[in-house]
Amino acid sequence: MKMEPTERERVRQYLLGALEGEKLQEFEERLLCDAALLDELELTENEVVYEYLSGALSAQEKSRFESHYHLTPERHLKLKFFDSLKNKVESMPAADDALPRSWRRFLPAFMREERYALKLSFAAIFVALVLGGGLLVFRNRGAEAERPQLIATLKEGQERGDGPDGGKDAVELTRVHIPFAAGLVELRLPVGGSEQRSYSATLFADEGEEKLTKDNLEVSTTAEGQFVSFRVESSVLPRADYRLRLRARAPGGDFREVGVYSFRVSRE
Amino acid sequence: MPRAVKTQSPGRLHMSGDRELKQEALDELLNWLDPDRERAASKYEIVRRALIIFFTNRGCAAAEDLADETINRVALKARELQEKFVGEPGKFFHGVARNVHLEHMRSQQKFVPLHDNLSAIAGPGPYDETVYECLERCLQALDPAQSELVRRYYHETRAAQRETLAKELGTNVGNLRVRVFRLVKHLYACVKKCVGRGG
């Protein structure tokens, strides 16, 4: 029932008998196929009747109304109805609390539009926000799932610390106790220097069998220094001794070994 | 929706002047208005409403009967129209309505304009106690927020006041106008029913 002011004026002219000739015919033909125009006509008729009873019509409009607004029984009742309504609203006590105030009163006028397209836009934004929020939660949950349940910092050293043939470069074998059957274990491999290089690490079983290789490992920095994280599912690490060989990409693009980290896994 | 369609009745639609519109003719008319039956029924209602306004605005006493008479005449030509007529059905209805009106003018009673009839209405204006009492009853049946909205809308008639009211309700003046119109339409129907019962 959105009408341009000129259209409303035309409806008003029709009701007051001010449309003639082709304009009248054109208007009536449109009425015969336009439900919105019919609604507007009904709405405007109410307003014109109320304005007439309130003395709000101009002298010319009043004259036109009185000479053109034929009193059919229906219109007679309408006139009485609006006269009663006018008397009634004048005597009704105000009930300000009864009318709920909308939060939208704080919005600028154009935001208070109730057009379908605008509602659709707001709905789309709302859905996007909900989906975005959901995705964020989902990702956080994913990140939560990827958070290691155990972090162990290994020491560099090629020899076993408790073997009968431990050499002078031997370091104490790092013991990693895994108390759970399934979960992520993060093995931190300390590295020296501040160069930002790409690392690759391979996990070997004690017998020399290659179990897992990970490329493009990045260096992280903590208060204790720099380290490369090697994450592995705990199921890959049954009770045994292991060796992690860390290689770094040299400036020429080739990898060269920069450290070996030995550790022993114990489990429940 | 046309009665014969709404009720799925295979019978006849009663028209003015003891004439009847056969279901077959009504079907032809609806087909001409739109091949989709639902849309055709909706268009039929629009045409009928507009025709009643057409005749009322010309001061015809029996606007509804004349609207039906117009529809009747068009329906009898509907089959032919489907084959030959090109353009908006509204144009054809309008032409027929003008003929019906001319014929009616020659023979029928016409309602007098308002100023000729004011003196016939009891009292200084169109005030009517029954209507007033019915209105009070119908207003009481409304939700308090709805009756307060009606009160304020008709009490605060200046543009700035309406703008303030619309803002309070979180809408704009155009939407407020439509919202109140729907409420008043409901109230009017309630009062009409009440008056019909004798108050």
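Counting starts from 1 at the beginning of each chain's written sequence and moves along it residue by residue. For this description, chains carry letters from A and ligands carry numbers from 1, given in the order in which they are written. Given that this is a predicted model, residues contribute local features only at a pLDDT of at least 70 and side-chain atom pairs are listed and counted only at 80 or more, while totals for whole chains, interfaces and linings are drawn from all residues. Water and hydrogen atoms were dropped before computing side-chain values, which therefore reflect all heavy atoms in the structure.

1. Observations regarding the overall build of chain A
Part 1: Secondary structure counts use DSSP, requiring at least four H or I residues in a row for a helix and at least two E residues in a row for a strand, with both numbered from the N terminus. A tally of helices and strands in chain A yields six helices and nine strands.
Part 2: Looking at chain A as a whole, 37% of its 268 residues are labelled buried.
Part 3: In chain A, once contacts between residues fewer than 6 apart in sequence are set aside, the share between residues at least 24 apart is 62%. Here's how the labels work: a residue is buried when its accessible area is under 20% of the maximum for its type, exposed when over 50%, partly exposed in between, all with a 1.4 Å probe on protein chains only. Contacts are assigned to residue pairs with any non-hydrogen atoms lying within 4.5 Å of each other.

2. Observations regarding the interface of chain B and chain A
Part 1: Residue-level contacts link 68 residues of chain B with 67 residues of chain A.
Part 2: What counts as buried area is the accessible surface, traced by a 1.4 Å probe, that two parts surrender upon association, with contributions from both included. Here chain B and chain A share an interface that buries about 6,200 Å² over both sides, 62% of which is from carbon and sulfur atoms.
Part 3: Salt bridge, as used here: a side-chain nitrogen of Lys or Arg that lies within 4 Å of a carboxyl oxygen of Asp or Glu. At the junction of chain B with chain A, the criterion picks out ten salt bridges.
Part 4: A salt bridge links Lys192 of chain B to Glu74 of chain A, with the nearest nitrogen and oxygen atoms 2.9 Å apart.

3. Notes on helix H8 (residues 129-141) of chain B
Part 1: Taking 1.5 Å as the rise per residue, H8 of chain B with 13 residues should run 18 Å; its terminal C-alpha atoms sit 19 Å apart, in good agreement.
Part 2: Residue Asp128 of chain B occupies the N-cap position of H8 of chain B, its side-chain oxygen lying 2.9 Å from the main-chain nitrogen of Thr130 of chain B. Helix span, expected: 1.5 Å multiplied by one less than the number of residues in the helix. Polar contact is the term for a pair of N or O atoms within 3.5 Å; when the atoms are in protein, one must be able to donate a hydrogen and the other to accept it, and sequence-neighboring residues count only if both atoms are side-chain atoms.

4. Quick look at the layout of surface pockets
Part 1: The method works on a 1 Å grid over the protein atoms by themselves. A cavity is a set of points holding a 1.4 Å probe that cannot get out, a pocket is an open set with protein on both sides within 12 Å along at least five of seven lines, and residues with an atom within 4 Å of a point line them. Grid points are joined across faces, edges and corners, and a volume is the space filled by probe spheres set on the points. There is about 900 Å³ of room inside the largest pocket.
Part 2: Lining of the largest pocket is provided by 29 residues; of these, Glu42 and Glu74 of chain A together with Ile52, Glu64 and Lys192 of chain B occupy positions nearest its centre.
Part 3: At the level of secondary structure, the elements contributing two or more residues to the lining of the largest pocket comprise helix H1 (5-15), helix H3 (35-54) and helix H5 (73-91) of chain A together with helix H3 (37-56), helix H4 (63-76) and helix H11 (173-196) of chain B.
Part 4: Gly counts as polar in this scheme, as do all residues outside two lists: the nonpolar Ala, Val, Leu, Ile, Met, Phe, Trp, Tyr, Cys and Pro, and the charged Asp, Glu, Lys and Arg. Tallied by class, the residues present in the lining of the largest pocket amount to 14 nonpolar, four polar and eleven charged.

5. Regarding the environment of Lys88 of chain A
Part 1: Considering the arrangement of structural elements, one finds Lys88 of chain A in helix H5.
Part 2: Taking relative accessible area as the criterion, Lys88 of chain A reaches 15% and is therefore assigned buried.
Part 3: If we ignore the near neighbours within four places in the chain, the residues touching Lys88 of chain A are Tyr132, Leu135, Glu136 and Leu139 of chain B.

6. Some thoughts on the pairing of strand S2 (residues 174-178) of chain A
All names here are of chain A.
Part 1: Only one face of S2 is buried, namely the one carrying Thr174, Val176 and Ile178, since none of Arg175 and His177 on the opposite face is buried.
Part 2: At least two DSSP bridges between two strands are required for those strands to pair. Sheet analysis places S2 next to strand S9 (residues 255-267), joined by five bridges and oriented parallel. Along S9, the bridge assignment pairs Ile178 with Arg267.

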